[in-house]
Amino acid sequence: MSELRAQLREWGQALLRRRDAFVNRLPPRLRSLILRLAPVLRRWWTRLLAFALIVIGIVLPFFFTPASGCMNATFTALAFAVMSLGMNVVVGFAGLLDLGYVAFYAFGAYSLAWFASGFFFKAHLHVVVSPVAGTLAGIHLNFVLILVAAAIICAVAGTIIGLPTLRLRGDYIAIVTLAFGEIIGVVAVNGQSVHLGSGMTLTAGNFGISALDAPYFPGIGSFNLLNLRPWYWLILGILLLVTFVNLRLRDSRLGRAWIALREDEVAAVSMGIPLVRTKLLAYAIGAAMGGMSGAFLGAYHTVVSGDDFQFGFSIFVLSMVIIGGLGSIWGAVLGGMLLGYINNYLIPDVLNSVPSKLGLNFPLTEVEFGIYGFLLVLVMVLRPQGLVPERRRRLELTAEVAAEDAQLVEAQG
Amino acid sequence: MEGARPAPSPYILSLRDVEASSLTERMLPAAALRPLAAVREAVGRWGLIVALAALPIYYGIRDLVHGYQAGFVAGHAVFQHDLTRLGFNLAQGLANGSIWALIAIGYTLVYGIIELINFAHGDVFMIGSFTATGLWGTFGLGLATGPVGVIAGLVLTLLITMAVAGSLNVLIERVAYRPLRGAPKLAPLITAVGFSFILQNVGLLWRGGSPQSVSDLVRQGRTVFSISGVPIVRGYILALAVMVPLVFGLAWFITATRAGRAMRATAQDPEAARLMGINVNATISLTFLLGGMLAGAAGLVYALYETNVWYFQGFEAGLIAFTAAVMGGIGNVRGAVLGGLIIGVIQALADSRMGPQWTEAVVFGYLILIMILRPRGLLGEETREAG
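Residues numbered from 1 in each chain as written. Chains lettered and ligands numbered in written order. Predicted model: local features only at pLDDT ≥ 70, side-chain atom pairs only at ≥ 80, totals over all residues.

## Here we look at the sheet that holds strand β1 (residues 116-117) of chain A
Line of reasoning, step 1. Across the sheet, which stays open at both edges, the three strands sit in the order β1-β3-β2 (chain A) with mixed pairing between neighbours. The open sheet has two edge strands with one neighbour each: β1 and β2 (124-127) of chain A. (Pairing = 2+ DSSP bridges. Helix = DSSP H or I, 4+ residues; strand = E, 2+ residues; numbered from the N terminus.)

## A look at the packing of helix α3 (residues 69-93) of chain A against helix α11 (residues 275-301) of chain A
Residues and elements named next belong to chain A.
Line of reasoning, step 1. In contact at an axis separation of 8 Å, α3 and α11 are set at 165° when each is read in the N-to-C sense. As judged from the angle between their axes, α3 and α11 are roughly antiparallel. In this structure, the crossing between α3 and α11 has a hand that is left-handed. The residues of α11 that touch α3, namely those facing Ala79, Val82, Met83, Leu85, Gly86, Met87, Val89, Val90 and Phe93, are Ala282, Tyr283, Ile285, Gly286, Ala287, Met289, Gly290, Met292, Ser293, Phe296 and Leu297.
Line of reasoning, step 2. For the contact of α3 with α11, the per-class residue count stands at 16 nonpolar, four polar and no charged. (Axes fitted to C-alpha atoms, helices over the stretch in contact; angles between N-to-C directions. Parallel < 35°, antiparallel > 145°, perpendicular 65-115°, else oblique. Left-handed = near helix turned anticlockwise from the far one by under 90°. Contact = placed C-beta atoms within 7 Å. Nonpolar A, V, L, I, M, F, W, Y, C, P; charged D, E, K, R; others polar.)

## Here's the deal with the environment of isoleucine 235 of chain A
Residue and element names in this part refer to chain A.
Line of reasoning, step 1. By secondary structure assignment, the location of isoleucine 235 is in helix α8 (residues 229-250).
Line of reasoning, step 2. With 24 C-beta atoms packed within 10 Å, isoleucine 235 lands in the buried category.
Line of reasoning, step 3. When the C-alpha positions of isoleucine 235 and tyrosine 345 are compared, they lie 18 Å apart, and in sequence the two are 110 residues distant.
Line of reasoning, step 4. Once residues lying within four places of it in the same chain are set aside, the contact partners of isoleucine 235 are Phe75, Leu78, Ala79 and Phe296. (Buried ≥ 20, exposed ≤ 12 C-beta atoms within 10 Å, placed from the backbone.)

## Regarding the environment of alanine 176 of chain B
Line of reasoning, step 1. Along the polypeptide, alanine 176 of chain B turns up in helix α6 (residues 147-177).
Line of reasoning, step 2. Sequence-wise, alanine 176 of chain B and glycine 106 of chain B are 70 residues apart; in three dimensions their C-alpha atoms are separated by 17 Å.
Line of reasoning, step 3. Ignoring any residue separated from it by four or fewer positions in sequence, one finds alanine 176 of chain B in contact with Val377 of chain A together with Thr191, Ala192 and Phe195 of chain B.

## Here we look at the environment of tyrosine 172 of chain A
Residue and element names in this part refer to chain A.
Line of reasoning, step 1. Looking at the element boundaries, tyrosine 172 is found in helix α7 (residues 170-190).
Line of reasoning, step 2. Tyrosine 172 sits in the buried class, given 22 other C-beta atoms within 10 Å.
Line of reasoning, step 3. For tyrosine 172 and tyrosine 110, which are 62 residues apart along the polypeptide, the C-alpha to C-alpha distance reads 28 Å.

## Considering the interface of chain B and chain A
Interface size is often expressed as the accessible area that is lost when the parts come together.
Line of reasoning, step 1. Tallying the contact residues gives 39 residues for chain B and 35 residues for chain A.
Line of reasoning, step 2. Those elements that place two or more of their residues in the side of chain B that touches chain A are α2 (22-27), α7 (186-207) and α14 (356-373) of chain B.
Line of reasoning, step 3. Looking at the side of chain B that touches chain A element by element, the count peaks at 15 residues for α7 of chain B.
Line of reasoning, step 4. In terms of residue class, the side of chain B that touches chain A is built from 26 nonpolar, nine polar and four charged.

Laid out in structure tokens, this is it:
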């Protein structure tokens with residue numbers, strides 16, 4: 001392994017030497033121009049890359065038929081990337097292991113189900129909805145309003161979930177959030193027996209709330225499932241927004257406070273970081289992102305049923321963040337999209353028949369959570385920093401090894 | 001806010017005492033702290049006890065005042081105004097609780113020694129159940145087997161199941177936790193969750209996705225005797241009869257043997273234990289072995305008592321048992337047993353009064369309540385995590 005790495009480094013250096021030689025042989029005027037442009041290019045190339053990726057992302061749907069399975073897998077993967085980014089704020093930045101993230105998926109999906117369907121049939125409220133939905137009973141809000149509502153509801157829920165964990169750390173936070181997630185799941189399944197008066201209930205249990213309004217924008221019309229392109233652009237827009245928020249947060253005062261709390265709580269608090277506010281903001285912001293993605297997925301699935309919100313989903317989202325690299329924004333996006341594709345394309349469409357070809361009598365989709373569990377163990381044992389490690393964490397991991405070596409030397413000497 | 005934290009007094013030995021009250025410290029001047037800490041301590045302990053007593057007392061009073069429907073005589077509902085139904089809940093709860101106690105001990109032992117929630121522990125219990133019921137088939141145990149054959153077969157099954165579950169737990173520690181001993185604390189927790197899912201899917205492939213009934217070898221529903229109208233069935237006696245000797249055996253092992261002393265030393269301070277010549281890795285493996293063995297025993301009892309098994313039982317049981325371990329005070333074996341019995345009673349009450357679909361929510365509600373009121377549990381000392 002180390003030999004391979006040394007070999008690679010040698011090749012890389014040889015390449016650099018050849019490049020320098022090439023630049024030196026150029027005419028002086030061209031050479032000075034290149035030397036002057038190089039630092040600028042180096043600074044801009046990440047931005048150029050991001051720009052190119054965004055452009056590719058926007059034009060990508062034109063290469064697929066409007067309702068292909070590939071489109072479906074792609075924008076579901078984008079929705080998972082949004083969730084993964086939200087989880088990354090809580091687990092990656094602030095270091096609070098949240099095993100109840102499914103609760104925010106549930107709140108997001110239910111805010112859509114409540115506010116964009118005839119479920120609360122006694123109410124009549126219509127705000128910028130399609131002409132068809134405008135005639136129906138129930139609450140019908142525009143999708144943008146629902147996104148905002150989902151974000152606010154989830155932020156409040158996240159704060160409430162965060163409150164009892166303030167005095168706790170590590171494993172205990174994981175368990176309390178897990179308990180909350182499970183309670184939300186149980187309530188979603190049994191919400192039929194929670195009566196809100198005049199014949200309305202909290203949820204429709206396992207039957208699901210259906211006949212949800214598709215997103216509608218004036219001038220564009222209602223989205224439908226025959227043309228998946230608008231859905232794709234919508235979730236791409238949400239992803240870009242959330243990624244931007246994530247990037248700005250990471251470099252903000254709040255982001256640095258989170259990282260400080262993650263690294264050493266006592267030291268951070270004694271430096272004057274407000275513990276309560278910082279932790280609760282992490283929960284709230286992470287939750288809000290999950291809620292937006294949940295509302296989108298709820299609208300796309302056209303039915304929100306109580307048994308969608310299982311503990312396994314929290315682990316699924318956690319796997320995205322871990323595989324991508326804890327605390328790394330690009331890692332979270334990559335991990336979310338990777339597991340999204342694995343979940344929606346690779347396992348059900350490509351590899352599903354592998355066990356039966358091997359003479360085993362089960363479809364691979366049955367054990368998908370086992371596969372995610374295996375990936376978690378594998379990544380944690382072999383590459384704990386993830387696919388795209390956060391710079392700070394990478395330094396930390398190598399610095400730790402160095403410190404250990406130093407200790408060993410000290411002990412021997 | 002401007003009042004700096006009081007300087008730690010020289011007799012504070014570990015970080016945990018300083019961290020414990022950091023919130024209150026920052027809100028109040030140092031002089032006001034001592035009485036407040038006492039108040040908080042009292043509110044925590046008594047609040048938890050009140051919360052725990054609330055359910056049985058509420059339902060007891062309701063039974064006495066409003067009565068409950070005890071059955072039908074000649075087409076008319078018969079109402080009773082006594083505590084028999086509550087007694088029935090208690091008996092059933094203690095029997096359930098014995099199983100949760102056995103699993104909770106596994107959590108508490110492992111947490112006590114390496115401060116890790118062994119998430120896969122519930123699934124080890126599930127694999128124990130599956131192994132046990134699989135062995136019945138191998139031994140040819142069935143409803144037609146005579147009493148001597150059943151007893152001999154079950155004892156043999158118990159031993160093999162304990163060995164299998166114990167080794168599985170040791171294996172998990174070897175593969176998933178030991179390589180991460182020096183890593184950040186999040187890492188082993190994540191592999192634990194991963195292993196939990198792997199085991200669940202093994203169970204899913206082994207026995208299918210729905211609960212499977214297994215033969216009722218001990219006729220668990222047969223009443224042995226009754227205490228003032230509350231029938232005590234064989235299943236209850238079986239659960240207690242397996243739990244009590246195992247717990248006493250474990251207590252003896254931990255307190256009286258050399259290996260047990262090594263375990264306690266490692267739990268207190270792994271580094272010092274290593275310097276004293278204790279093989280820390282072997283001791284940790286031993287702890288996982290013991291926890292896994294108890295989970296295996298619990299798996300057999302569960303199969304006999306519930307007469308069905310399914311792959312998801314481990315996840316549910318794991319969370320309930322973890323709640324029990326936290327309630328009793330994590331790291332404390334007596335606490336785990338006490339917590340197990342209490343949670344068993346809460347579960348039985350919720351099952352019978354609110355309907356089993358709400359039980360999970362009730363148990364987790366209690367878990368959150370414990371975390372708010374008294375994170376260290378009923379009998380526990382403060383740990384570094386919960387302060």
